[in-house]
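Chain by chain, the residues:
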Amino acid sequence: MPDRSNLIYCYDGSFDGLLCCVFESYEKREIPADIFSPDTEQTVLLPQREIVTDPKKSARVLASIPGKMGNDALDFVRHAYLTCLPRKELFILLFLRMGFSCGPRVMNMLADDVVNTLFKAVKHLTNEAHLLKGFLRFSVFDGALAAEIEPKNLVLPLLAPHFRERYPEERFLIYDRTHSMALIYQPYRSKIISADDFRMPEPDEEERSFREFWRLFYSTIEVQGRHNPKCRMSHMPKRYWSCMTEFGAERSTGKKQELPGGPKLLNGSGL
Amino acid sequence: MDVFDKLKILTDAAKYDVACTSSGVDKKASRGGIGNATACGICHSFAADGRCISLLKVLMTNACTYDCQYCVNRRSNDTPRAAFTPRELAELTINFYRRNYIEGLFLSSGIQRNPDYTCEQMIEALRILREEYRFSGYIHAKAIPGADSVLISRLGMLADRMSVNIELPSQSSLKLLAPDKSKHSILAPMGYIQNRIQENTTDLVRYRHAPRFAPAGQSTQMIVGATPETDFQILNLTEGLYKKYKLKRVFFSAYMPVSDSALLPSTDTKPPLLREHRLYQADWLLRFYGFSANEILDAGHQSFNPYIDPKCNWALNHMERFPMEINRAPYAELLRVPGIGVTGAKRIVAARRTGPLNFDGLKKLGVVLKRAQYFITCGGKIADGLKITQDAALRSLMSDTALGMYQRGAGFEPEQLSLFEQPRLTQEDVRKCLTGQI
């Protein structure tokens, strides 16, 4: 097989487009040196070939993956596509070529460089998504929830099912600053849209006081005799802090907050 | 008193309880409701002491009629007191939950008036959450020893996990430091919860929609370092609790001096954090690695080795079982190799089906070769250029900190000194105790 190490594929950045690159690679019996999306910074002077996204071709490739190498492999490739791994397209193509020739056992070939690189990248993605399920902070505006995140990978598709299950009756929005995308949900429907220039609205009195309550809880729960900032940092890297309520300083009043909801809450048996 | 002050007082009073996981149960919100729980648990933040925050951990009240010496909320302690109303607590929980600050609620309480009254207050808070808000998030409730079993049962139907704290690892210590509690008053509710969980499992087999009693099981906590029990005794107790009461977790809490009692270590004692760490490592070996307490420590070795972790320690004492051939050793054996964990062992088993593994491949699977290489062969060969000497093996098994200690000999820094002196200190305590000095 001719290894066309001097040829670059250019696709439109979509998953379907990537599958068309796989189709092309089989049709022309060649392996490109790299695959560029519109976002790739192009610094090479190698010849480039535009791969046009053809739904028929991508559908054929898509249908053949579970048949040849199992559903796990398809899930794996879909996840790999969401990662921030440099040259992920080429690794996915190489992985699929291996899968087409050796079948489902490709998923166990963990000591192989291509498989291993993708496994690590997917692990990074799922790990980041898992952390954000916890570290993401909503604010309430007019009864709806809004949050901002700055992930390295495209985590919104992984976060969607979790938050849909958590708040089935709420309206919410999660804005991904890194990729200028947003997940929006209203009862029983959600979608991911691209959105530039999203700005969080100003918090109202009630929102500010709950932030204050949370900061109070956060600072009180520490056992001072066990102070260990290094341990905290390894569990919760600093890059997440910028979007987290407990590390934000409120510009507001500074006066002590009452629990919103008014006096009805406060007629209890304070000692 | 407003809720802000209550939250401060009741968080401060609850923070010494170490249980904080939200794992063990998987469920979704019902339509019209709010909240889910995931089996793996989710940490929402980490406090500056490095501990995970996943639950709103507070007391219903810190007013207590008991006078346990090790407890910050004991009757005789001069500390501000507060109590949430059930509704305040429920609303605080829901508002924190909506903002994704927490995974649920961890509710414990001092004994206000009597155990039954206290338990009723907790039940009411949980009822508002479950029935009015239709909250399906995680709730961990502390069973109140001495409360009527009907109330405990009701609490368990509302909570995901229940716990009764052992507090101190022996009856004599309890008698000394927690005169209002006894082995019986702790083990009775633990046994009761265990029975209810078991009955409930049978119900669930018969009726699919039977309401669930504490579906995430039961846990407990004990304080380490306040009393003279050895690591070996504590580990045996832990093993017994897993076996006899089917506990999901046993938590250990390094004793943090909170009172100046003649019965307790002095208030300038550093908490035995290393000892606590070793206990958790050993606990992991019991739960996931197929070790028994007797393999980890024995009557002749009552304390953990301060320099190396329990698994490495075991391996060094059982060199006759090594080296192990990585391409043939069964899963259970792989788990016993230092540097190979549960994930690594699973990956090895999967990967070697596709072809033989070498050292380079093992590294890619996440095996810590620095430690593992002294205990394995790949295709019958040991790692290239490796000279197996006892000293080299020992050094590579130590953590960087421990190695530093070891190399510097006696010249420890004061802070670290207290950690590493701990096992010896404890044995001194034992001696004192035996001779009646404590």
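Residues numbered from 1 in each chain as written. Chains lettered and ligands numbered in written order. Predicted model: local features only at pLDDT ≥ 70, side-chain atom pairs only at ≥ 80, totals over all residues. Heavy atoms only, no water.

## Focus on the overall build of chain A
Item 1. Looking only at helices and strands, chain A has eight helices and eight strands in total.
Item 2. What you see for chain A is a C-alpha radius of gyration of 24 Å, clearly larger than the 18 Å of a compact globule of 271 residues, by over 25%.
Item 3. C-alpha atoms of chain A, sized along the principal axes, occupy 80 × 40 × 40 Å.
Item 4. Relative to its full complement of 271 residues, chain A shows a buried share of 48%.
Item 5. The long-range fraction of contacts in chain A, counting pairs at least 24 apart against all pairs at least 6 apart in sequence, stands at 68%.
Item 6. Of the accessible surface of chain A, which amounts to about 13,400 Å², a share of 52% is contributed by carbon and sulfur atoms. (Helix = DSSP H or I, 4+ residues; strand = E, 2+ residues; numbered from the N terminus. Rg over C-alpha atoms; globule rule 2.2 N^0.38 Å. Buried < 20%, exposed > 50% of the residue type's maximum accessible area, 1.4 Å probe, protein only. Contact = heavy atoms within 4.5 Å. Areas by Shrake-Rupley, 256 points an atom, 1.4 Å probe, with all protein chains shown as cover.)

## Describing the pattern of salt bridges
Residues and elements named next belong to chain B.
Item 1. All told, the structure shown has 36 salt bridges over all chains when counted by the stated rule.
Item 2. With its nearest N and O atoms 2.8 Å apart, the salt bridge here joins Asp-12 to Lys-15.
Item 3. Residue classification places Asp-12 among the partly exposed residues on the basis of a relative accessible area of 36%.
Item 4. Its relative accessible area of 5% is what places Lys-15 among the buried residues.
Item 5. Put simply, Asp-231 and Arg-275 hold a salt bridge, and the shortest N to O gap is 2.5 Å. Placement of Asp-231 in helix H7 (residues 231-245) and of Arg-275 in helix H8 (residues 273-288) is noted, with a sequence separation of 44 residues between them. One exposure class covers both Asp-231 and Arg-275, and it is buried.
Item 6. Each of the salt bridges in this network shares a partner with another, and the network as a whole consists of Arg-87, Glu-124, Arg-127, Glu-131, Glu-132 and Arg-154. (Salt bridge = Lys/Arg side-chain N within 4 Å of Asp/Glu carboxyl O.)

## With respect to the confidence of the model for chain A
Item 1. In this model, chain A carries an average pLDDT of 89, and 90% of its residues clear a pLDDT of 70 or more.
Item 2. Residue range residues 252-271 of chain A is modelled with pLDDT below 50. Its contacts to residues more than four positions away, or to other chains, number 43 contacts. (pLDDT = per-residue confidence, 0-100.)

## What to know about the environment of Ala-63 of chain B
Item 1. By secondary structure assignment, the location of Ala-63 of chain B is in the loop between strand E3 (55-59) and helix H2 (86-98).
Item 2. Sequence separation between Ala-63 of chain B and Leu-274 of chain B is 211 residues, and the spatial gap between their C-alpha atoms is 32 Å.

## Some points on the packing of aromatic side chains
Item 1. One pass over the structure, following the stated rule, counts 30 aromatic pairs over all chains.
Item 2. Their ring planes at 70° and their centres at 6.2 Å tell us that Tyr-167 of chain A and Tyr-97 of chain B sit as a pair that is edge-to-face. One end of the pair, Tyr-167 of chain A, is in the loop between helix H6 (156-166) and strand E6 (172-176); the other, Tyr-97 of chain B, is in helix H2, on a second chain. With respect to class, Tyr-167 of chain A is no different from Tyr-97 of chain B; both count as buried.
Item 3. Taking 4.9 Å as the distance between ring centres and 85° as the angle between the ring planes, the aromatic pair formed by Tyr-97 of chain B and Phe-135 of chain B counts as edge-to-face. (Phe/Tyr/Trp six-rings, centres within 6.5 Å; stacked < 30°, edge-to-face > 60°.)

## Digging into the sheet that holds strand E6 (residues 161-163) of chain B
Residue and element names in this part refer to chain B.
Item 1. Sheet architecture is open: six strands sit in the order E3-E4-E5-E6-E7-E8, paired in parallel fashion. Edge positions in the open sheet fall to E3 and strand E8 (249-254), since each of these has one partner strand only. Each neighbouring strand pair of the sheet contributes to a mean axis angle of 20°, computed without reference to strand direction.
Item 2. With four bridges connecting them, strand E4 (residues 104-108) and strand E5 (residues 138-142) associate as parallel partners. Bridged to Phe-106 within E5 is His-140.
Item 3. Strand contacts of H7: strand E7 (218-224) and E8, with the helix running at about 170° to E7, the strand carrying the most contacts. (Pairing = 2+ DSSP bridges. Axes fitted to C-alpha atoms, helices over the stretch in contact; angles between N-to-C directions.)

## Some details on helix H5 (residues 113-135) of chain A
Since the α-helix packs 3.6 residues into each turn, any two residues three or four apart lie on the same face.
Item 1. The end-to-end C-alpha distance of H5 of chain A is 32 Å, a good match for the 33 Å that 23 residues give at a rise of 1.5 Å each.
Item 2. Sitting at the head of H5 of chain A, Asp-112 of chain A places a side-chain oxygen 2.9 Å from the backbone nitrogen of Val-114 of chain A. (Expected span 1.5 Å × (residues − 1). Polar contact = N/O pair within 3.5 Å; in protein donor to acceptor, adjacent residues only side chain to side chain.)

## What about the interface of chain B and chain A?
Item 1. If you look at the interface, chain B gives 73 residues, while chain A gives 67 residues.
Item 2. When chain B packs against chain A, the two sides together hide about 6,000 Å² of surface, and 60% of this comes from carbon and sulfur.
Item 3. The largest per-residue losses of area from chain B upon contact with chain A belong to Phe-4, Arg-98 and Arg-99 of chain B, which jointly make up 13% of the total buried on that side.
Item 4. Across the contact surface, chain B and chain A share six salt bridges. (Buried area = accessible area lost by both parts, 1.4 Å probe.)

## A short note on the nonpolar core
Item 1. Counting 205 residues, the largest nonpolar core has Phe-95 and Leu-96 of chain A together with Leu-7 and Phe-96 of chain B as its most contacted members.
Item 2. If you tally residues by element for this core, the top one is H5 of chain A, at ten residues. (Core = buried A, V, L, I, M, F, W, Y, C linked by side-chain atoms within 4.5 Å.)

## Describing unusual backbone geometry
Item 1. Of note, the bond from Phe-322 of chain B into Pro-323 of chain B is cis; its omega dihedral lies within 30 degrees of zero at -5°.
Item 2. With respect to the helices and strands, the residue Pro-323 of chain B is situated in the loop between helix H10 (310-316) and strand E9 (324-325).
Item 3. Residue Arg-87 of chain A is not a glycine yet carries a positive backbone phi of 60°.
Item 4. Looking at the element boundaries, Arg-87 of chain A is found in the loop between helix H3 (71-82) and helix H4 (88-102).

## Here's the deal with the packing of helix H7 (residues 205-220) of chain A against H2 of chain B
Item 1. As a packed pair, H7 of chain A and H2 of chain B sit with axes 11 Å apart at the nearest point and diverge in direction by 95°. On the basis of their axis angle, the class for H7 of chain A and H2 of chain B is roughly perpendicular. Taking contact as the criterion, the partners of Glu-206, Phe-210, Phe-213, Trp-214 and Phe-217 of chain A in H7 of chain A are, on H2 of chain B, Leu-92, Asn-95 and Phe-96 of chain B.
Item 2. Along the lines of polarity and charge, the residues of the contact of H7 of chain A with H2 of chain B split into six nonpolar, one polar and one charged. (Parallel < 35°, antiparallel > 145°, perpendicular 65-115°, else oblique. Nonpolar A, V, L, I, M, F, W, Y, C, P; charged D, E, K, R; others polar.)

## Digging into the pairing of E8 of chain B
Within a regular strand, side chains alternate between the sheet's two faces.
Residue and element names in this part refer to chain B.
Item 1. Burial analysis of E8 places six of its six residues in the buried class, which makes it a mostly covered element.
Item 2. Where burial is concerned, the two faces of E8 agree: the one with Arg-249, Phe-251 and Ser-253 and the one with Val-250, Phe-252 and Ala-254 are both buried.
Item 3. As paired strands, E7 and E8 are joined by six bridges and run parallel to one another. Each bridged residue has a counterpart across the sheet, and for Gln-221 the counterpart in E8 is Phe-251.
Item 4. You can see the chain leave E7, run along H7 and come back into E8, and the turn it takes is right-handed. (Right-handed = clockwise from strand over helix to strand, strands pointing away.)

## Some thoughts on the sheet that holds E6 of chain A
Residue and element names in this part refer to chain A.
Item 1. With respect to topology, five strands assemble into an open sheet ordered E4-E5-E6-E7-E8, the strand pairing being mixed. Since the sheet does not close on itself, it has two edges, and those belong to strand E4 (139-141) and strand E8 (189-194), each with one partner. Pairs of neighbouring strands in the sheet enclose a mean axial angle of 20°, with direction left out of account.
Item 2. One ladder, built from five bridges, connects E6 with strand E7 (residues 181-186); its direction is antiparallel. Along E7, the bridge assignment pairs Leu-173 with Ile-184.

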